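Take a look at the letters that make up each chain.
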Amino acid sequence: MLADNIKSYIYLHIIVFIWGFTAILGHLISLEALPLVWYRILIAVITLLVYYAFTKQSIKAPKHRIIQCLGAGVVIALHWLTFFLAIKVSNISITLACLSTGAFFASILEPIFLKRKVVAYEVFFGFIVICALTLIFSVSGEYVDGILLGLIAACLSAMFSIINSKLIVHSEAPVITFYEMAGGLLVLTLFLLFTGGFTASFFEVSTSDWMWLLLLGTVCTAFAFLGSVYVMRHLSPFTVMLTINLEPLYGILLAVAIFKDSEKMTPEFYIGALLILSTVVLNGVVKNRKKRKLSPR
């Protein structure tokens, strides 16, 4: 069990690094947030179908499980929509910084959804993350919309992780992943149909956008998403959300490497980064000690 936890934790860090690149892709892709997310999920669904057909993976499941997964797909679609909207109206740094508050939202939502007591150190760690964010960025009034959208995206991400922690108990990761993607695609398609969003310009995608969309839909969505559901078997929703706090660090470092001076690093950034990293490490230490105390000797 301990080996599975360590492997899952390492795998989760790789996934988070990949997710850190999604913000870069969101900036590079010229499409608006809604078509961007729709194409992302469409490519992910096609990728999963091809992968499952090649590996002969069954996606059969009871109807009530399928409905639950489809519903969860709506949550992840809204998360991605608010995430990319935040990038479009602000910038990568602001969006990824706000996403770090997901651990704080998880510490509040997890006791409600999973019906367990509030854990004091989880709330404490969540507040540390928020304090770290205030050190990393000095935010002006022009980024209010981006901040609000980023916080909504973080809350939706926390909610989605909690939902997945319940679904993974009864269903396999491939099944959950496929129907969640299908649910997200379905709700966005219906919205576009009823609002007349499927115009000629909607399907006018440049070659460079197609290249970035394919990378986003396959590596950064289908395969990373499948792996993120799998690790939920061995890691708690709060641990997952707290680790996802590294996504802003990975994403901002990548942004600096790619966009150079457009993403400025300040002394506050390094202090905040150290606080977030310390929080992730401390969370793992505390949980490991609690497990050792509870396990029979």
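Residues numbered from 1 in each chain as written. Predicted model: local features only at pLDDT ≥ 70, side-chain atom pairs only at ≥ 80, totals over all residues. Heavy atoms only, no water.

## Quick notes on the overall build of the chain
Here's step 1: Along its length, the chain carries twelve helices and zero strands.
Here's step 2: In sequence order, the secondary structure elements of the chain are arranged as α-α-α-α-α-α-α-α-α-α-α-α.
Here's step 3: The 297 residues of the chain split such that 51% are buried.
Here's step 4: Counting contacts in the chain only where the partners sit at least 6 residues apart, residues at least 24 apart contribute 91% of the total.
Here's step 5: On the chain, roughly 14300 Å² of surface is accessible, and the fraction owed to carbon and sulfur atoms is 71%. (Helix = DSSP H or I, 4+ residues; strand = E, 2+ residues; numbered from the N terminus. Buried < 20%, exposed > 50% of the residue type's maximum accessible area, 1.4 Å probe, protein only. Contact = heavy atoms within 4.5 Å. Areas by Shrake-Rupley, 256 points an atom, 1.4 Å probe, with all protein chains shown as cover.)

## Some words on the packing of helix α2 (residues 33-55) against helix α3 (residues 63-89)
Here's step 1: As a packed pair, α2 and α3 sit with axes 9 Å apart at the nearest point and diverge in direction by 135°. Relative to α3, α2 is oriented oblique. The way α2 lies across α3 gives a crossing that is right-handed. In this structure, α2 uses A33, L34, L36, V37, R40 and I41 to contact α3, whose residues at the interface are A77, W80, L81, F84, L85 and K88.
Here's step 2: Split into classes, the residues belonging to the contact of α2 with α3 amount to ten nonpolar, no polar and two charged. (Axes fitted to C-alpha atoms, helices over the stretch in contact; angles between N-to-C directions. Parallel < 35°, antiparallel > 145°, perpendicular 65-115°, else oblique. Left-handed = near helix turned anticlockwise from the far one by under 90°. Nonpolar A, V, L, I, M, F, W, Y, C, P; charged D, E, K, R; others polar.)

## Thoughts on the environment of D145
Here's step 1: Among the structural elements, D145 can be located in helix α7 (residues 144-167).
Here's step 2: For the pair D145 and S90, spaced 55 residues apart in the sequence, the C-alpha separation amounts to 7.5 Å.

## Observations concerning helix α8 (residues 173-195)
Here's step 1: The terminal C-alpha atoms of α8 lie 33 Å apart, and with 23 residues this matches the ideal 33 Å at 1.5 Å per residue to within 8%.
Here's step 2: Once α8 ends, the next one or two residues include G196, with phi positive near 70°. (Expected span 1.5 Å × (residues − 1).)

## Here we look at the confidence of the model for the chain
Here's step 1: Residue-level pLDDT values for the chain average 83, and 87% of them are 70 or greater.
Here's step 2: When pLDDT is averaged over each helix and strand of the chain, the minimum, 69, is found for helix α10 (residues 237-244) and the maximum, 95, for α3. (pLDDT = per-residue confidence, 0-100.)

## Examining the packing of aromatic side chains
Here's step 1: Summed over all chains, the structure comprises 16 aromatic pairs.
Here's step 2: Considering the side-chain rings of W38 and F203, the 6.4 Å spacing of their centres and the 85° angle between planes classify their relative orientation as edge-to-face. Taken together, the positions of W38 in helix α2 and F203 in the loop between α8 and α9 (207-231) put the pair 165 residues apart, joining distant regions of the chain.
Here's step 3: A residue is classified by how much of its surface remains accessible, and W38, at 9% relative accessible area, is buried.
Here's step 4: Each ring, one from F124 and one from F125, has its centre 6.0 Å from the other, and the planes form 45°; the classification is tilted.
Here's step 5: Assessed through its relative accessible area of 5%, F125 is described here as buried.
Here's step 6: Taken together, the aromatic side chains of W38, Y39, F198, F202, F203 and W210 make up a single cluster linked through ring pairs.
Here's step 7: Stacked on the ring of W80, the Lys or Arg R40 has its end atom at 4.1 Å from the ring centre. (Phe/Tyr/Trp six-rings, centres within 6.5 Å; stacked < 30°, edge-to-face > 60°. Lys NZ or Arg CZ within 6 Å of the ring centre and 35° of its normal.)

## A look at a nonpolar patch on the surface
Here's step 1: A grouping of I6, I10, Y11, I14 and Y230 is seen on the molecular surface, where their side chains present a nonpolar patch of about 480 Å² in accessible area.
Here's step 2: A total of four residues in the nonpolar patch trace back to one element, the largest contributor, which is helix α1 (residues 2-28).
Here's step 3: One can find Y11 in helix α1.
Here's step 4: With relative accessibility at 35%, the residue Y11 sits in the partly exposed group. (Patch = residues over 30% accessible without salt bridge, like charges linked within 9 Å, V, L, I, M, F, W, Y side chains within 5 Å. Salt bridge = Lys/Arg side-chain N within 4 Å of Asp/Glu carboxyl O.)

## Some thoughts on the environment of V256
Here's step 1: Considering the arrangement of structural elements, one finds V256 in helix α11 (residues 246-259).
Here's step 2: Spatially, the C-alpha atoms of V256 and S93 are 10.0 Å apart, while their sequence positions differ by 163 residues.

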